[in-house]
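Coordinate analysis (summary)
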Amino acid sequence: MRPYILLTPGPLTTSETVKSTMLEDWCTWDDEYNLDIVQHIRSELVGLATGSPDDYTSVLLQGSGTFAVEGALTCSVPEDGKLLVLANGAYGDRMAEIARYAKISHDVISFPETETVCPDMLDRFLGRHRDVTHVSFVHCETTTGILNPLEALCSIVKKHGKTLIVDAMSSFGGIPFDAGRLGIDLLVSSANKCIQGVPGFGFIIARKEALEKCKGNAASLSLDIYDQWETMEKKRGKWRFTSPTHVVRAFQQALKELHEEGGITARHARYKANHRILVEGMTRLGYAPLLPDEKQSPIITSFLYPDPSFCFETFYNRLKQKGFVIYPGKISQTDTFRIGTIGDVYERDFEALIKAVEETTASPRPSTKESGTELPR
Ligand SMILES: *Cc1c(COP(=O)(O)O)cnc(C)c1O
């Protein structure tokens, strides 16, 4: 059933059992769907996000993760509000772009892609700019795999009394943290990252008070997370518009498998073990990671091209033939490629990958472009 495994940051490799749940069709006005699946998922998500579930709620939204980020930002910042975006990669930049599109008054503090967002700079900025009402940043910047200092950033935003929106798209479910303890107001993630579901919807886990304040702010009907939430609450699991039923059912199975694995802590340990085998093996073969260990997440790792003649297309295609799909780099200044360590993938898969990289790197080196190696981009 799988010609290759995806070592990408989503969509990612899912289990056979997650995939096979999608063979059944669901009716969206039936309790079997709304209560047993949607409502169940909504409360499970809150339980995964915080030890204080009474203060939090969740809302699911059709579309990819960006739709949910856009819903969260555009509905939470009111017309007279001001958003501060902290950016050290493409997904931080995207939040600023969302603000620009929506004509939300905003400031951006940009950091180099290989630097973490600096809490002291945030503190000084908020001290000087009292008009900021909302702050947003990315927890794990999937652009490079860098992990921003969540606790320190949250505590500064809270010290200044601002509303806090965290894009935890690629970390939620794979890295333990408590949104309630950190004071996160709106946390955004999606079905096809560390929960290991298939793509089709995103979700916002929010402090109830913060979500209630979103009422009337939306400039887009389909991205109105307040309206979507209100419908899900009042009509007990009903989506306003066609729900991605198969994807939602697969997600419920993915949540069950997360529990069976031992929850977020166990999953984090598996991702870390995957990451360690990957980095040790790649380093031994002459591929250096872009980031130092202390900034690196166990989610996805960027590697530098080993030499100027390195041909990523050839490397990519040879690995694909051996059953592994990796990811091009996304950063602007340096030539890199990325390998994800999340999904239904295990230490044995990374041991096999390293073996495949070793064979691929042996003669002839992947330096010239081989025919038929156009990247499917
Ligand atoms: C995947 C991801 C997103 C959402 O991307 P989509 O392509 O819209 O699913 C947003 N932020 C981060 C950090 C991500 O990793």
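The model shown is predicted, which means the values in this text are computed figures rather than measured ones.

On to the sheet that holds strand 5 (residues 134-138). Sheet architecture is open: seven strands sit in the order 2-10-9-8-5-3-4, paired in mixed fashion. Edge positions in the open sheet fall to strand 2 (56-62) and strand 4 (106-110), since each of these has one partner strand only. Averaged over neighbouring strand pairs, the angle between their axes works out to 20° when direction is ignored. Inspection of the sheet shows strand 5 paired to strand 8 (residues 163-167) by five bridges, in the parallel sense. When the sheet's bridge partners are listed, Val135 is paired in strand 8 with Leu164. Sheet strands touched by helix 4 (residues 90-101): strand 3 (83-87), strand 4, strand 5 and strand 8. Its angle to strand 3, the strand with the most contacts, is close to 155°.

What follows covers the site of the ligand. Every residue close to the ligand is listed here: Ser64, Gly65, Thr66, Tyr91, Arg94, Val138, Cys140, Thr142, Asp167, Met169, Ser170 and Lys193. Here an oxygen atom of the ligand and a backbone polar atom of Gly65 are 3.0 Å apart. Note that an oxygen atom of the ligand is positioned 2.7 Å from one of the side-chain N or O atoms of Lys193. Sorting the residues of the shell around the ligand by element identifies helix 3 (65-76) and helix 4 as the ones contributing at least two each. Of the residues belonging to the shell around the ligand, the class tally is four nonpolar, five polar and three charged.

Attention now moves to the domain arrangement of the chain. You can read the domains of the chain as domain 1 (24-260) and domain 2 (263-360). Placing a centre on the C-alpha atoms of domain 1 and another on those of domain 2 gives a separation of 27 Å. Listed as interface residues are 26 residues of domain 1 and, on the opposing side, 25 residues of domain 2. Between domain 1 and domain 2 the total buried area reaches about 2100 Å² when both faces are included, carbon and sulfur atoms providing 58% of it. Looking at the side of domain 1 facing domain 2, the largest losses of area belong to Glu113, Thr144 and Gln196, adding up to 24% of the total buried there. Seen at the junction of domain 1 and domain 2, the total is one salt bridge. Among the ionic pairs, Glu115 bridges to Lys295, the shortest N-O distance being 3.6 Å. At the junction of domain 1 and domain 2, the tally comes to 14 residue pairs in polar contact (both at pLDDT 80 or more). Going through the elements one at a time, helix 4, strand 7 (146-147) and helix 10 (245-261) are the ones with two or more residues in the side of domain 1 that touches domain 2. Among the residues making up the side of domain 1 that touches domain 2, the classes are represented as eleven nonpolar, eleven polar and four charged.

Bringing the packing of aromatic side chains into the picture now. Evaluation of the coordinates by the stated rule reveals 18 aromatic pairs. Measuring from ring centre to ring centre gives 5.9 Å for Tyr287 and Phe337, while their planes differ by 75°; the resulting arrangement is edge-to-face. Of this pair, Tyr287 sits in the loop between helix 11 (263-284) and strand 11 (300-304) while Phe337 is found in strand 14 (residues 336-340), placing the two residues 50 residues apart along the sequence. Each member of the pair, Tyr287 as well as Phe337, is classed as buried. Ring centres of Phe315 and Phe337 lie 5.1 Å apart, and the angle between their planes is 50°; this geometry places the pair in the tilted category. Here Phe337 lies in strand 14 and Phe315 lies in helix 12 (residues 312-321), a separation of 22 residues in the sequence.

Below, the discussion takes up the packing of helix 12 against helix 13 (residues 347-361). Their axes nearest at 10 Å, the elements helix 12 and helix 13 cross at an angle of 130°. Accordingly, the angle class assigned to the pair helix 12 and helix 13 is oblique. In this structure, the crossing between helix 12 and helix 13 has a hand that is right-handed. Packed against helix 12, whose contacting residues are Phe315, Arg318 and Leu319, the element helix 13 presents Leu353, Ala356, Val357, Thr360 and Thr361 at the interface.

Once that is clear, we can look at a negative patch on the surface. Together, Glu24, Asp25, Asp31, Glu32 and Asp36 give the surface a local cluster of negative charge. Within the secondary structure layout, Asp31 lies in helix 2 (residues 31-49). On the basis of relative accessibility, which here comes to 43%, the residue Asp31 falls in the partly exposed class.

Below, the discussion takes up the sheet that holds strand 14. Each strand in a sheet pairs with another by means of backbone hydrogen bonds, the pair being arranged parallel or else antiparallel. Within the open sheet, the three strands sit side by side as 11-14-13. Their pairing is antiparallel. Among the strands making up the open sheet, the edge pair consists of strand 11 and strand 13 (327-328). As paired elements, strand 13 and strand 14 share two bridges and run antiparallel to each other. Residue pairing across strands places Pro328 opposite Phe337, the latter belonging to strand 14.

Turning our attention to unusual backbone geometry. Backbone torsion omega between Gly10 and Pro11 reads -5°, so that peptide bond is classified as cis. Residue placement: Pro11 occurs in the loop between strand 1 (5-6) and helix 1 (16-20). Here Lys103, not a glycine, exhibits a phi torsion of approximately 55°, which is positive. Secondary-structure assignment places Lys103 in the loop between helix 4 and strand 4. The phi dihedral of Arg236 falls on the positive side, at around 45°, and the residue is not glycine.

What counts, and where the lines are drawn
Residues numbered from 1 in each chain as written. Predicted model: local features only at pLDDT ≥ 70, side-chain atom pairs only at ≥ 80, totals over all residues. Heavy atoms only, no water. Pairing = 2+ DSSP bridges. Helix = DSSP H or I, 4+ residues; strand = E, 2+ residues; numbered from the N terminus. Axes fitted to C-alpha atoms, helices over the stretch in contact; angles between N-to-C directions. Contact = heavy atoms within 4.5 Å. Near = heavy atom within 4 Å. Polar contact = N/O pair within 3.5 Å; in protein donor to acceptor, adjacent residues only side chain to side chain. Nonpolar A, V, L, I, M, F, W, Y, C, P; charged D, E, K, R; others polar. Domains from an automatic or database assignment. Buried area = accessible area lost by both parts, 1.4 Å probe. Salt bridge = Lys/Arg side-chain N within 4 Å of Asp/Glu carboxyl O. Phe/Tyr/Trp six-rings, centres within 6.5 Å; stacked < 30°, edge-to-face > 60°. Buried < 20%, exposed > 50% of the residue type's maximum accessible area, 1.4 Å probe, protein only. Parallel < 35°, antiparallel > 145°, perpendicular 65-115°, else oblique. Left-handed = near helix turned anticlockwise from the far one by under 90°. Patch = residues over 30% accessible without salt bridge, like charges linked within 9 Å, V, L, I, M, F, W, Y side chains within 5 Å. Areas by Shrake-Rupley, 256 points an atom, 1.4 Å probe, with all protein chains shown as cover. Lys, Arg positive; Asp, Glu negative; His and termini not counted. Charge placed at Lys NZ, Arg CZ, Asp CG, Glu CD.

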